[in-house]
Amino acid sequence: MNNRTYLSYGTVILFCLVLIASLYMMNWYLILICLVYGVLAFLFYRRKNFISVKENNDIVFSPIFGKVIKVGGGADIGKRYADFNFIDLRHALFEDIGIFFPFSSEFSFHRKIKGNRLFLPLKKLPKNEKNLHQEIVLIKESSELFFIKLYSTFVSSQAIIFPTSGDYGYLGAQFGVFSGAGIVRFFIPKKYSILCQEGQKVTPGNNILAKK
Amino acid sequence: MKKLSLFIDTSQCLKLGLIDSSKKFISFTEISDKKCGDIIHTEINKLLTDQGLSLFDLSSCFFLMGPGSYTGLRFTQGIMDLFKMENIECYSFYWFDIPWLLNPQNNDKYIFMTNAFKGESLILWIKDGEIEQQKLILNKDVPKFSETISEKIWKIDGDLSNAFDRDYAQVLQRVEDLKSIKPIYYFRSDIEEFTPAL
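These numbers come from a predicted model, not from an experiment.

Some points on the sheet that holds strand β4 (residues 98-100) of chain A
All names here are of chain A.
And then number 1: Strand order across the open sheet formed by three strands is β4-β10-β8, with antiparallel pairing between neighbours. Where the open sheet ends on each side, the last strands, each with one partner, are β4 and β8 (160-161).
And then number 2: Sheet analysis places β4 next to strand β10 (residues 174-177), joined by three bridges and oriented antiparallel. In the sheet register, Gly-98 faces β10, and the bridge partner there is Val-177.

Concerning the sheet that holds strand β1 (residues 59-61) of chain A
And then number 1: As summarised here, the arrangement of the three strands in space is β1-β14-β12 (chain A), forming an open sheet in which the pairing is antiparallel. The open sheet is flanked by β1 and β12 (193-194) of chain A, the only strands paired with a single partner.

As for the environment of Ala-82 of chain A
Residues and elements named next belong to chain A.
And then number 1: Looking at the secondary structure, you find Ala-82 in the loop between β2 (66-73) and β3 (84-91).
And then number 2: Residue Ala-82 is classed as partly exposed on the basis of its relative accessible area of 29%.
And then number 3: On a C-alpha basis, the gap between Ala-82 and Lys-190 in space is 8.7 Å, while along the polypeptide they are 108 residues apart.
And then number 4: Once you skip the residues sitting within four places of it in the chain, Ala-82 turns out to touch Gly-74, Ala-75 and Lys-190.

Quick notes on the domain arrangement of chain A
And then number 1: The assigned domain composition of chain A is domain 1 (9-45) and domain 2 (59-211).
And then number 2: If you average the C-alpha positions of domain 1 of chain A and of domain 2 of chain A, the two centres end up 34 Å apart.

Some points on the environment of Ser-32 of chain B
And then number 1: Tracing the backbone shows Ser-32 of chain B in the loop between β3 (25-31) and α1 (36-49).
And then number 2: Among residues more than four places away in sequence, those in contact with Ser-32 of chain B are Lys-114 and Lys-130 of chain A together with Cys-13 of chain B.

Observations regarding helix α2 (residues 70-85) of chain B
For an α-helix, 3.6 residues make a turn, and residues three or four places apart therefore share a direction.
All names here are of chain B.
And then number 1: With 16 residues, α2 extends 23 Å from end C-alpha to end C-alpha; this agrees with the ideal 22 Å at 1.5 Å per step.
And then number 2: Regarding α2, the residues found buried are Tyr-70, Gly-72, Leu-73, Thr-76, Ile-79, Met-80 and Phe-83.
And then number 3: Next to the buried residues of α2 lie β1 (4-9), α1, β4 (58-64), β5 (89-93) and α6 (190-193).
And then number 4: Downstream of α2 by a residue or two, Asn-87 has a phi angle that is positive, lying close to 60°.

Analysis parameters
- All residue numbers refer to positions counted from 1 along the written sequence of the respective chain.
- Chain A is the first chain written and ligand 1 is the first ligand written, with later ones labelled in order.
- Since the coordinates come from a predicted model, pLDDT governs what is reported: local features require at least 70, and pairs of side-chain atoms require 80 or more to be given and counted, while whole-chain, interface and lining totals use all residues.
- Computation of side-chain values: all heavy atoms of the structure, hydrogens and water removed.
- DSSP-based pairing: two strands are paired if at least 2 bridges between them are found.
- Secondary structure is summarised from DSSP: a helix means a run of H or I of at least four residues, a strand means a run of E of at least two, and numbering begins at the N terminus for each.
- A 1.4 Å probe rolled over the protein chains alone gives each residue an accessible area, and that area as a share of the maximum for its type sets the label: buried under 20%, exposed over 50%, partly exposed in between.
- Working rule for contacts: check all heavy atoms of both residues, and any pair within 4.5 Å makes them a contact.
- Start and end positions for the domains come from either an automated domain assignment or a database one.
- Given the number of residues in a helix, its expected span is that number minus one, multiplied by 1.5 Å.

Written out as structure tokens, the structure reads:
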């Protein structure tokens, strides 16, 4: 399951139902559509396997292809994040635009925070949390909470998130797209030690950001 | 017909969520850079129309009744009254109810602390979901106070928000089961609210 793009259960069930219905009715147009859909799903659902490390409950991988631009303590951002460290990642402009599960976890929910967009070029994010961004809340099996904040800039589009609340994703499964040098702020509980440095290039499922 | 609910919290900034029948958020919007009163109606409408819904498709609405911004909570009260007139089921709870809602069997006393504006902080002692004692102290005295107590302190901009993010479905389900309806929690009496801080 590690090398798959996120597809909701609804989509898979709908596909199966349409296929069964079309076979039952022997509608060749529908069967043809299902075949095309199946081929496309196979091509895109089965991603190139970039996971090089075996999953371990204590390890946190990068959620995007990009570069670490800042590492810091959550208390600098707000009291709410006092028990977290954060890693700011800039999305690599010409790399895969996906956002991937950094570990197998429950997708709790995602919220849109409305505000002003950031201006580029930026060396680091402002402390102000009022900029336009999206926040994803992930819950690990051990009930640990992780936050991923996605800041779109003037040259990047708003992130598109696929899962719905309560869905479960495996390590490396793609759950959204985020293009154009956007900035990702990843909050990790303080019991994890940060293993990356500023300036380091990271890839999902390959580079370990933090370890318990 | 899906059983959908709305979640409204204006105690800190405007937070709106659309909830499905399993009490999971379908969508959630937070706006902190604009005045609540300027945008609350349009944002509720936008949240619903984005999902192809109207106000009449809602079966219930959950309100967070504070403690928090006096003006923000007044808007919550107004919207709640409006929904009641449209026969939408309304449920409400407080921030400090959350630890008890999540763990009703736990009889341990806990402390809730939040910024009460005007240079003061509100401190509540909660046991079995009821307020045992309440106190307003100056913000400068908070570190000294924190050292003197042994109970767990819950703060909105800390553990409490994180607990809600983790287990909001459980909280909302329990509020619905209890048919909880609470009045707005004000830090002070109306007369004191109209008096500027020294």
